[in-house]
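# Remarks on the overall topology
Spelled out from the first residue to the last, the chains are:
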Amino acid sequence: MSHLHPTNTSLSELHLLGIPGLQHLHCWISIPFCVMYLITLAGNSTLLCVIKADPSLHLPMFLFLSMLAVIDLVMSTSITPKMLSIFWFRSTAISLDACLTQMYFVHSFAVMESGLLVAMAFDRYVAICNPLRYLSILTSPIVAAIGLATLLRAVVFMSPLTFQIRRLPLCSPAVVDHSYCEHMAVLKLACGDAAFSNTYSLSVSTYVGSFDSLLITLSYTLILRAVLGLSSPRARKKAFSTCSSHLCVMALFYIPGLLSMYMERYHQELPPYVQVLLANIYLLIPPAFNPLIYGIRTKQIRDGARRVISR
């Protein structure tokens, strides 16, 4: 295993360990990771094709869903191919530029996904609680502005992290105890003062995770209150089922992400693979489940897919 612990690595090159402590299980761990990635590619690509091909799906809800599909594809593709090459071929080396690029894409698109989940929760709130004004509130310019705002927020929040690490000297051995270039894992290699990066990363992650999840919880609370007023038990059951599945997928995104960040910072006594697996869960599982929960379970998507196939 000496190739995993280089002692004279150039500062222009880093080495990713994969999942520390579980290297002997990499081949087995790669199976569910590969399956989830294939589901992500197939599900989100199919969703994008169906929404684009069926004009009846060119509504705010499905435009947000298209944005989410693109984000999930980019976020998963940013880490999974390299991760699988580590598991299968022990290809641990990654250039510093590629590492920083991966870090920027992963964290930026994670922030974008969080913002888009808020937008989709607001979309459902308007559709259920104010259906007569749905299309007048969520017009195409408003949807585009929301999408642009999520992008700009991610760029503004994440750019300082990458620039700060670029300026810090990194020490050999340049071994990252992670399966991808996670910010705080790479920051452990810094020889200089990394207090600003540590504090900034923790603050931004806490703000995004707590503020966005609070808005989502508020939206779904108002939705559930409106659902309780429905006279039909069948309609209430369907609405509860939809809301609960949405909230479960969102919990898989927020809870492991925040836990992995705080464990990386404060719980050094825990096995390192616990933190790495949590970080992988929040980046791999939601992109695989989002097309199933938001797409296949939605009647309009199923009907649109049938129309596209019949044509």
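Residue positions are given per chain, counting from 1 as you read along its sequence in written order. Only residues with pLDDT of at least 70 get local features here, since the model is predicted, and only at 80 or more are side-chain atom pairs given and counted; chain-wide, interface and lining totals rely on the full set of residues. With hydrogens and water excluded, all non-hydrogen atoms of the structure serve as input to the side-chain values.

Per an unreviewed UniProt entry, the recorded name for the chain is Olfactory receptor, and the organism is Pedionomus torquatus. UniProt positions are given in the numbering used here, feature names are shortened, and annotations may be inferred rather than shown by experiment. Annotation of the chain in UniProt includes, under Sequence similarities (unreviewed entry), the sentence "Belongs to the G-protein coupled receptor 1 family." The UniProt entry for the chain carries this comment under Function (unreviewed entry): "Odorant receptor."

Under this scheme, a helix contributes an axis fitted over its contacting stretch, all axes are lines through C-alpha atoms, and angles between N-to-C directions fall in the 0 to 180 degree range. The secondary structure listing takes helices from DSSP runs of H or I that are at least 4 residues long and strands from runs of E that are at least 2 residues long, numbered from the N terminus. Following both chains from N to C, one finds helix α1 (residues 26-53) and helix α2 (residues 60-89) inclined at 155 degrees, their axes separated by 9 Å at the closest point. When the axis of α1 is compared with that of α2, the two are roughly antiparallel. By crossing handedness, the relation of α1 to α2 is classed as left-handed. Lys, Arg, Asp and Glu make up the charged group, whereas Ala, Val, Leu, Ile, Met, Phe, Trp, Tyr, Cys and Pro make up the nonpolar group; the residues left over, Gly among them, are polar. Looking at the contact of α1 with α2 residue by residue, the classes come out as 20 nonpolar, nine polar and one charged. Oblique is the label for every angle not falling under 35 degrees (roughly parallel), over 145 degrees (roughly antiparallel), or within 65 to 115 degrees (roughly perpendicular). It is the rotation of the near helix from the far one that decides the hand of a crossing: anticlockwise by less than a right angle makes it left-handed, clockwise makes it right-handed.

Attention now moves to the state of the cysteines. A pair of cysteine sulfur atoms is labelled a disulfide when the two atoms are within 2.5 Å. All chains considered together, the criterion is met by two disulfides. The disulfide partner of Cys99 is Cys181, and the gap between their sulfur atoms is 2.0 Å. Where Cys99 bonds to Cys181 through sulfur, the torsion about that S-S bond is close to -125 degrees, and the disulfide is left-handed. Here Cys99, found in helix α3 (residues 96-129), pairs with Cys181, found in the loop between β3 (175-176) and α6 (183-187); they are 82 residues apart in sequence, far enough to count as distant. For the exposure calls, accessible area comes from a 1.4 Å probe over protein chains only, and a residue counts as buried if that area is under 20% of its type's maximum, exposed if over 50%, partly exposed in between. Under the relative-accessibility criterion, Cys99 is labelled buried at 0%. Residue Cys171 pairs covalently with Cys191 via a disulfide, S to S 1.3 Å. Of this pair, Cys171 sits in the loop between α5 (140-167) and β3 while Cys191 sits in the loop between α6 and α7 (195-228); the two residues are 20 residues apart in sequence, bridging distant segments of the chain. Residue classification places Cys171 among the partly exposed residues on the basis of a relative accessible area of 31%.

Examined against the element boundaries, Thr46 turns out to sit in helix α1. Sequence separation between Thr46 and Val176 is 130 residues; the distance between their C-alpha atoms is 35 Å.

Attention shifts here to the nonpolar core. For soluble globular proteins, nonpolar side chains are generally found buried alongside one another. Note on terminology: a nonpolar core comprises buried Ala, Val, Leu, Ile, Met, Phe, Trp, Tyr and Cys residues joined through side-chain atoms within 4.5 Å. Of all hydrophobic cores here, the largest spans 83 residues; its most connected members are Leu14, Phe33 and Leu65. For this core, the element with the most residues is α3, which contributes 17 residues. The contact definition used throughout considers only heavy atoms, calling two residues in contact when any of these lie within 4.5 Å. Discounting residues that sit within four places of it in the chain, Leu14 has contacts with Thr92, Ala93, Ile94, Leu96, Cys99, Leu170, Ala174, Val176, Val186 and Leu189.

What follows covers the side chain of Thr40. Tracing the backbone shows Thr40 in helix α1. Setting aside anything within four residues of it in sequence, one finds Thr40 in contact with Ser45, Asp72, Leu73, Ser76, Leu284, Pro287 and Ala288.

On to the packing of aromatic side chains, then. The criterion for an aromatic pair is that two Phe, Tyr or Trp rings (for Trp, the six-membered ring) have centres within 6.5 Å, with stacked assigned to planes under 30 degrees apart, edge-to-face to planes over 60 apart and tilted to the rest. A complete count under the given rule lists nine aromatic pairs for this structure. Relative to Tyr207, the ring of Phe157 lies with its centre 5.8 Å away and its plane at 85 degrees, an arrangement referred to as edge-to-face. Within this pair, whereas Phe157 is found in helix α5, its partner Tyr207 is found in helix α7, the two being separated by 50 residues in sequence. Judged by its relative accessible area of 37%, Tyr207 falls in the partly exposed class. Taken together, Phe157, Tyr207 and Phe211 form an aromatic cluster joined through their ring pairs.

Under the UniProt annotation, the feature "transmembrane region" (unreviewed entry) is placed at residues 28-50, 62-84, 104-122, 134-156, 207-228, 240-262 and 274-296. From the first C-alpha to the last, residues 62-84 spans 32 Å; its make-up is 100% helix and 0% strand.

Before going further, it helps to spend a moment on a positive patch on the surface. Candidate patch residues must exceed 30% relative accessible area and have no salt bridge, after which like charges are joined if within 9 Å and Val, Leu, Ile, Met, Phe, Trp or Tyr side chains if within 5 Å. We get accessible surface area from the Shrake-Rupley algorithm with a probe of 1.4 Å; when it comes to residues, only the shown protein chains can shield them. A carboxyl oxygen of Asp or Glu within 4 Å of a side-chain nitrogen of Lys or Arg is what we treat as a salt bridge. Only four residue types enter the tally: Lys and Arg on the positive side, Asp and Glu on the negative side; His and the chain ends are excluded. Working definition for charges: the position is that of NZ of Lys, CZ of Arg, CG of Asp or CD of Glu. Residues Arg234, Lys238, Arg297 and Arg302 make up a contiguous surface patch of positive charge. Locating Arg234 in the fold gives a position in helix α8 (residues 233-266).

Once that is clear, we can look at the sheet that holds strand β2 (residues 93-95). Strand pairing is assigned whenever DSSP identifies at least 2 bridges connecting the two strands. What the three strands build is an open sheet, ordered β2-β1-β3; its pairing is mixed. Two strands bound the open sheet, and with one partner strand each, they are β2 and β3. Relative to β2, strand β1 (residues 13-16) is paired through three bridges, and the arrangement is antiparallel. The residue of β2 that forms the bridge with Glu13 is Ser95. Across the sheet, α3 lies against β1 and β2, angled at about 85 degrees from β2, the strand it touches most.

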